[in-house]
Amino acid sequence: METKRNTIQRQLVYNAVKELDIHANAEQVYEHIITVHPSISRATVYRNLNQLAESGELLNIGSFYGTTHYDHNANDHYHFICEKCKHIYDISNCFPEIKNLTQTNGLIIKSHNLSFFGICNECK
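Predicted model only: the values in this text are computed from it and were never measured.

The rules behind each value
- Residues numbered from 1 in each chain as written.
- Predicted model: local features only at pLDDT ≥ 70, side-chain atom pairs only at ≥ 80, totals over all residues.
- Heavy atoms only, no water.
- Helix = DSSP H or I, 4+ residues; strand = E, 2+ residues; numbered from the N terminus.
- Buried < 20%, exposed > 50% of the residue type's maximum accessible area, 1.4 Å probe, protein only.
- Polar contact = N/O pair within 3.5 Å; in protein donor to acceptor, adjacent residues only side chain to side chain.
- Axes fitted to C-alpha atoms, helices over the stretch in contact; angles between N-to-C directions.
- Parallel < 35°, antiparallel > 145°, perpendicular 65-115°, else oblique.
- Left-handed = near helix turned anticlockwise from the far one by under 90°.
- Contact = heavy atoms within 4.5 Å.
- Nonpolar A, V, L, I, M, F, W, Y, C, P; charged D, E, K, R; others polar.
- Phe/Tyr/Trp six-rings, centres within 6.5 Å; stacked < 30°, edge-to-face > 60°.
- Lys NZ or Arg CZ within 6 Å of the ring centre and 35° of its normal.
- pLDDT = per-residue confidence, 0-100.
- Salt bridge = Lys/Arg side-chain N within 4 Å of Asp/Glu carboxyl O.

## Here we look at the environment of Ser 41
As for its position among the elements, Ser 41 is in the loop between α2 (26-34) and α3 (42-55). Of the residues examined, Ser 41 reaches a relative accessible area of 33% and is grouped as partly exposed. Only 2.9 Å separates the side chain of Ser 41 from the side chain of Thr 44, close enough to count as a polar contact.

Here you go:
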């Protein structure tokens, strides 16, 4: 995979995802950035989010409720999505046996994404 230049826009997008710390979608990232850098375009934000996810610097944790969400925590962990408030919570790596799939089945797993859906403690 080719290495992308670390442009100002790329750093702004990465920093916005980290600062928001909410498993942000592209629109939330864009809204966060334009408060300080109003000249950045939505297309630039989307392009950089995709590039950062492809390079592994951010995680694309999937599309929930019609929009893709990103996580600055690129370590192994899972997600719980509340079906009521739509909040996304981190869950620590609770399934170490997933890594054993390669040994058991001879598979080459490059990445995985596991999310749980339900009702959070706040919404119960």
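Having seen the structure, we can now continue with the description.
## Observations concerning the packing of α2 against α3
Two numbers describe how α2 lies on α3: the axes approach to 10 Å, and their chain directions differ by 125 degrees. In terms of orientation, α2 lies oblique with respect to α3. The handedness of the crossing between α2 and α3 is right-handed. Contacts between α2 and α3 involve Ala 26, Glu 27, Val 29, Tyr 30, Glu 31 and Ile 33 from the first element and Arg 42, Val 45, Tyr 46 and Leu 49 from the second. Residues that form the contact of α2 with α3 fall into these classes: 7 nonpolar, no polar and 3 charged.

## Some remarks on the packing of aromatic side chains
One pass over the structure, following the stated rule, counts 2 aromatic pairs. Pairing Phe 80 with Tyr 89 gives two aromatic rings, centres 6.3 Å apart and planes at 50 degrees, and the pair type is tilted. Of the residues examined, Tyr 89 reaches a relative accessible area of 26% and is grouped as partly exposed. Sitting over the ring of Tyr 65, Lys 86 keeps its end group 4.5 Å from the ring centre.

## Description of the confidence of the model for the chain
Overall, the predicted model of the chain reaches an average pLDDT of 87, with 87% of residues at or above 70. When pLDDT is averaged over each element of the chain, α2 comes out on top at 97 and helix α4 (residues 101-105) at the bottom at 66.

## Some remarks on the pattern of salt bridges
Within this structure, the stated rule accounts for 3 salt bridges. In this structure, the salt-bridge partner of Glu 27 is Arg 42, at a minimum N-O distance of 2.8 Å. On the criterion of sequence distance, the pair formed by Glu 27 in helix α2 and Arg 42 in helix α3 is long-range, its members being 15 residues apart. Connected via shared salt-bridge partners are Glu 27, Glu 31 and Arg 42.

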